[in-house]
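Structural overview
Here's the letter readout for the chains.
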Amino acid sequence: MSSKIRILAIAPYASMEPLLVKLAEEYPNIDLTVTVGDLKKGVEIAQNNFHANYDVIISRGGTAKLIQQSVSLPVIEITTSAYDILRTLKLSGAGTGKVAVVGFSNITEELLSLKEMLPYKIDVFTIDSTEEAVSVLQQLKNDDYHAILCDMITYTTARGLGMNAFLITSGIESIRDTFNTVVLCCSNYNHLRDENHFLRQLIQGLDTRTVVFTREGKLFYSTLTEDDTVILDILHAEINDVPATGKRRFVFKQNNLLYSIQAQRIFLDKLEYVAFYFTTTKTPLTGNKCGISYFNYKEVEKIYFNSIYSIIDSIAHLDNIINQVNQNNYPVIISGEVGTGKEQIAKALYLRSSMKNQPFIQIDCDLLSDKIWDYLLNHHNSPLYGAGNTIFFKNVNALSEQQQKQLLIAITDTEICKRSRVIFSCISNSEGTLDSNAMAFVNHLHCFIITLPALRNDPSRIDSIVNLYLNRLNIDMAKQILGVSPDAMEMLRNFDWPFNYTQLSRVMRNLVIMGAGPYIRSDDVQEALNKERTVTAASLHAKNSTKPLDLSRPLREINKEIAAMVLEAQNGNQSKAAESLGISRTTLWRLIKSQ
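As the structure is a computational prediction, the values presented were derived from the model and not from experiment.

Cut-off values and rules
Residues numbered from 1 in each chain as written. Predicted model: local features only at pLDDT ≥ 70, side-chain atom pairs only at ≥ 80, totals over all residues. Heavy atoms only, no water. Pairing = 2+ DSSP bridges. Helix = DSSP H or I, 4+ residues; strand = E, 2+ residues; numbered from the N terminus. Axes fitted to C-alpha atoms, helices over the stretch in contact; angles between N-to-C directions. Contact = heavy atoms within 4.5 Å. Polar contact = N/O pair within 3.5 Å; in protein donor to acceptor, adjacent residues only side chain to side chain. Buried < 20%, exposed > 50% of the residue type's maximum accessible area, 1.4 Å probe, protein only. Lys, Arg positive; Asp, Glu negative; His and termini not counted. Salt bridge = Lys/Arg side-chain N within 4 Å of Asp/Glu carboxyl O. Core = buried A, V, L, I, M, F, W, Y, C linked by side-chain atoms within 4.5 Å. pLDDT = per-residue confidence, 0-100. Arc of directions from axis to C-beta. Right-handed = clockwise from strand over helix to strand, strands pointing away. Phe/Tyr/Trp six-rings, centres within 6.5 Å; stacked < 30°, edge-to-face > 60°. Lys NZ or Arg CZ within 6 Å of the ring centre and 35° of its normal.

This part is about the sheet that holds strand S15 (residues 332-336). The sheet built from 6 strands is open, its strands ordered S14-S16-S17-S18-S15-S19 with mixed pairing. Edge positions in the sheet fall to strand S14 (292-295) and strand S19 (448-451), since each has one partner strand and no second. Adjacent strand axes in the sheet meet at a mean angle of 20° when their direction is disregarded. As judged from the 4 bridges shared by strand S17 (residues 390-394) and strand S18 (residues 421-427), these two strands associate in the parallel manner. For phenylalanine 393, the partnering residue across the bridge sits in S18 and is phenylalanine 424. Helix H11 (residues 297-305) rests against S14 and strand S16 (360-364) of the sheet, and its axis sits at about 100° to S14.

Inspection of the secondary structure puts asparagine 329 in the loop between helix H13 (319-325) and S15. Side chain to side chain, asparagine 329 and arginine 421 meet in a polar contact 3.0 Å long. If we ignore the near neighbours within four places in the chain, the residues touching asparagine 329 are Ser353, Ser354, Met355 and Arg421.

Summarising the element assignment, arginine 421 is placed in strand S18. Notably, arginine 421 is buried but unbridged: the nearest opposite-charge side chain belongs to aspartate 319, and the N-O separation is 13 Å. A polar atom in the side chain of arginine 421 sits 2.8 Å from the side chain of asparagine 326. For arginine 421, the contacting residues outside a window of four places in its chain are Val325, Asn326, Asn329, Tyr330, Val332, Leu349, Ser353, Met355, Asn389, Thr390 and Ile391.

Residues Leu492, Trp497 and Met508 are the most contacted members of the largest nonpolar core, which totals 64 residues. No other element matches helix H19 (residues 462-477), which puts 7 residues into this core. Residues within four places of leucine 492 in sequence aside, it is in contact with Ile462, Val466, Val484, Trp497, Val507, Met508 and Val525. One finds Met16, Val102, Val136 and Val182 within the second-largest nonpolar core, a separate group that totals 41 residues.

This part covers the environment of threonine 279. Looking at where threonine 279 falls in the secondary structure, it is placed in strand S13 (residues 271-282). By relative accessible area, threonine 279 is classed as partly exposed at 34%. For the pair threonine 279 and tyrosine 259, spaced 20 residues apart in sequence, the C-alpha to C-alpha distance is 5.9 Å.

Averaged over all residues, the pLDDT of the protein chain equals 83, while 88% of them reach at least 70. Ranking the helices and strands of the protein chain by mean pLDDT puts S17 first, with 95, and helix H9 (residues 190-204) last, with 62. Confidence over residues 283-288 falls short of pLDDT 50; this stretch has 6 contacts with residues more than four positions distant or in other chains.

An α-helical segment advances 3.6 residues per turn. Residues three or four places apart therefore align on the same side. Every buried residue belonging to helix H24 (residues 574-581) is among Ala577, Ala578 and Ser580, and all of these are buried. Down the axis of H24, the buried set is contained in an arc of 160°. They therefore lie on one face. Directly beyond the C-terminal end of H24, a positive phi value near 75° is found at glycine 582.

The subject of this paragraph is the pairing of strand S5 (residues 99-103). Both faces of the sheet carry side chains from a regular strand, because those side chains alternate between them. For S5, the buried fraction is high: 5 of the 5 residues fall into the buried class. Alternating residues of S5 divide into Val99, Val101 and Gly103 and Ala100 and Val102, and every residue in both groups is buried. Sheet analysis places S5 next to strand S6 (residues 122-126), joined by 5 bridges and oriented parallel. Paired with valine 101 across the bridge in S6 is valine 124. At this point the chain moves from S5, through helix H5 (residues 105-112), to the parallel S6, and the crossover so formed is right-handed. By the bridge criterion, 4 bridges tie S5 to strand S7 (residues 147-150) in an arrangement that is parallel. Bridging across to S7, valine 102 finds its partner in cysteine 150.

Below, the discussion takes up the sheet that holds strand S3 (residues 56-60). Pairing is parallel in the open sheet, where 4 strands are placed in the order S2-S1-S3-S4. Edge strands, defined here as strands with exactly one partner in the open sheet, are strand S2 (30-36) and strand S4 (75-78). Across the sheet, the mean angle from the axis of one strand to that of its neighbour is 25°, orientation sign disregarded. Where strand S1 (residues 5-11) lies against S2, 7 bridges are found, and the strand directions are parallel.

Here the focus is the pairing of strand S10 (residues 219-222). Here strand S9 (residues 209-214) pairs with S10 via 3 bridges, running antiparallel. Note on S10: the bridge partner recorded for valine 211 is serine 222. Counted along the chain from S9 to the antiparallel partner S10, the turn is 4 residues long, and its residue glycine 217 has a positive phi close to 100°.

Inspection of the entire model under this criterion finds 11 aromatic pairs. Arranged with centres 6.2 Å apart and planes meeting at 35°, the rings of phenylalanine 360 and phenylalanine 392 form a pair that is tilted. Within this pair, whereas phenylalanine 360 is found in strand S16, its partner phenylalanine 392 is found in strand S17, the two being separated by 32 residues in sequence. Exposure remark for phenylalanine 392: the relative accessible area of 0% places this residue in the buried category. Three or more aromatic residues joined by ring pairs form one cluster here, namely Phe295, Tyr350, Phe360 and Phe392. For the cation-ring pair, lysine 98 lies above tyrosine 145, with the distance from its terminal atom to the ring centre recorded as 4.5 Å. Stacked on the ring of phenylalanine 295, the Lys or Arg lysine 347 has its end atom at 5.9 Å from the ring centre.

Set out below in structure tokens:
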């Protein structure tokens, strides 16, 4: 039997995982397993692994407190140090507006001892539950707080309310303290651990997988692996339909797998449990549906809330429009330049609609092959013949003119708009004008039009967008960048952003990846934006010309052609063309006139 201390680490956010793994290398007497899960998922991971071969669980903040209430194994909490809090305070811009710290006591108690020494006012709110967080955060939103500093539980809730939320991450020092505590406190759980491990091996030896809930719906036992936990919510929703006596059998399809499920109620010592036993088999595929994707509510929610469009809360100005349009599930067409967030608005419409418990079907019009196009229009399993779904046609103007006419006829003939919610997106020019083909959808289907503004239309938002997204990138990449230097921020503010949020996201990711110091510098921004200008020129060429750029010619000829393309794309405006290329108007004129 191994003498190592076996630790199950449940990190509430992904960037904590590499820090845990790195520090564990310093402790030869520790055998560490790391999983990622916050709140409910974190508790489920702990309960799923309760019978596994672990001595102790470590986690952080509110997730650790919830796990302590759910399992009998010792749970050691990763602390939050003063430095962790001060680092996040610096990034949040504390001192420029009203700032509040909202979290469980492990975070707020540390700040209460610091706040008297800080040069600006910070309000501190201690919570004991997720429900309490919603109430506190809603009040803070009404009181126009500039920023909210929080742990993962309140970070997720604040993001959902559209607030500027900054997650207080745990640094290396805090995690090292936790490992030291584990080594000191871990004691005589060997007998219970070995017995649970033996029983788990007996059950897992069966072909059938098992999930057991209490009568109240709490997970009691599971033989699922971490990759299988998507089925837990499905089974949980079936608890009330399991009869008091006898067994219930049903099937469920998910991700090309067929689940054959048997459920029954079991009584033990006057306690009632609901047990599910199931096997899985692969369903026969009808062909690769490239360009047609199916998502459930949780999948769409995850994609949306991880997007830059959600992180920076660019949807706030559309809240009223979305709520009004969703009252009757009208067909909608979302227009805007490339990268303005059309796909995310479509997902937001779905997440707030009455059809959110039905599938979200995304059809990427620029990915459809001839075979899939025929399937879409003519097959009886096509989304056009379903009901109760939300169907999103992404980039409908990527279809040929003939295909757009065929699609409009098919939508009209199948009357899909009466049975399902239909949403289109299309790329418009900088003025938001739709072409005649897109207008045909609007006029024939009576679509409601949502036009998304370009990022350049409001450069004053760049500062807030950059800081919010930088906070998220610090979380995702385990970085500790404190901010952007003033001159670097001025460069970002003055850039044209022809590809909008998509381009800004790419630039910020590259800057964070390459950043070596506490601040993003102007030299790095200048280099990144120069690369973007080159990419933009090449993209404009690919968009406006079917003839490839001949790179075998002299450099002066290549430069002249690129300059001419950019000038054409800017409708002859030499100032904008020169700015896009990062050169002066005089240099642009010389390039155009060169022989």
